[in-house]
Amino acid sequence: MTPEGLVTIEKMYHAIAQRFAAHDINTPRLDARVLMGHVLGCDHAGLISESARLLSAQEKAEIESLVRRREAYEPVAYIIGTREFWGLTFEVNPSTLIPRPDSETLIEATLAYVQ
């Protein structure tokens, strides 16, 4: 039994994924994982290995703030401020375009054409 108001990483993750699914967000589990990992400073493996750890009130509040932004359909890349593209991490914000998989296809086709 956890003290009132405290929640484990695992329970928070599942609750967020359900909220995102209810908002028809296409990748609810991935988005929950990325946002929680961003706040907690860990990757997917870290979330799993620490799944029983209780979140602090501050961590819970920070995660909740990001979740509300995602529920308003703000892209995850803008929320966390970065996006990986071709093995590189780029800073992004609402003034920049977010690299997409189609961009990789275009670059690969262009490279094949010029080589």
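The following refers to the structure shown. (Residues numbered from 1 in each chain as written. Predicted model: local features only at pLDDT ≥ 70, side-chain atom pairs only at ≥ 80, totals over all residues. Heavy atoms only, no water.)

A look at the overall build of the protein
Step number 1: Per the secondary structure count, the protein includes six helices and two strands.
Step number 2: Across the protein, helices and strands are ordered from the amino to the carboxyl terminus as α-α-α-α-α-β-β-α.
Step number 3: Relative to the compact-globule value of 13 Å for 115 residues, the protein shows a C-alpha radius of gyration of 17 Å, a clear excess of over 25%.
Step number 4: For the protein, the C-alpha atoms occupy an extent of roughly 60 × 30 × 20 Å along the three principal directions.
Step number 5: Buried residues in the protein amount to 31% of all 115 residues.
Step number 6: Each charge sign in the protein was given a centre, from 11 positive and 16 negative side chains, and these centres are 5 Å apart. (Helix = DSSP H or I, 4+ residues; strand = E, 2+ residues; numbered from the N terminus. Rg over C-alpha atoms; globule rule 2.2 N^0.38 Å. Buried < 20%, exposed > 50% of the residue type's maximum accessible area, 1.4 Å probe, protein only. Lys, Arg positive; Asp, Glu negative; His and termini not counted. Charge placed at Lys NZ, Arg CZ, Asp CG, Glu CD.)

Quick look at the environment of His14
Step number 1: Within the secondary structure, His14 is located in helix H1 (residues 9-22).
Step number 2: Linking His14 and Glu64, residues 50 residues apart in sequence, is a C-alpha distance of 13 Å.

Re the pattern of salt bridges
Step number 1: This model, assessed by the stated rule, comprises seven salt bridges.
Step number 2: The closest approach of N and O atoms between Arg53 and Glu50, which form a salt bridge, is 3.9 Å.
Step number 3: Classification of Arg53 by relative accessible area gives partly exposed; the value is 30%.
Step number 4: On the accessibility criterion, Glu50 (39% relative accessible area) is partly exposed.
Step number 5: Residues participating in the shared-partner salt-bridge network are Arg19, Glu64, Arg68 and Glu71. (Salt bridge = Lys/Arg side-chain N within 4 Å of Asp/Glu carboxyl O.)

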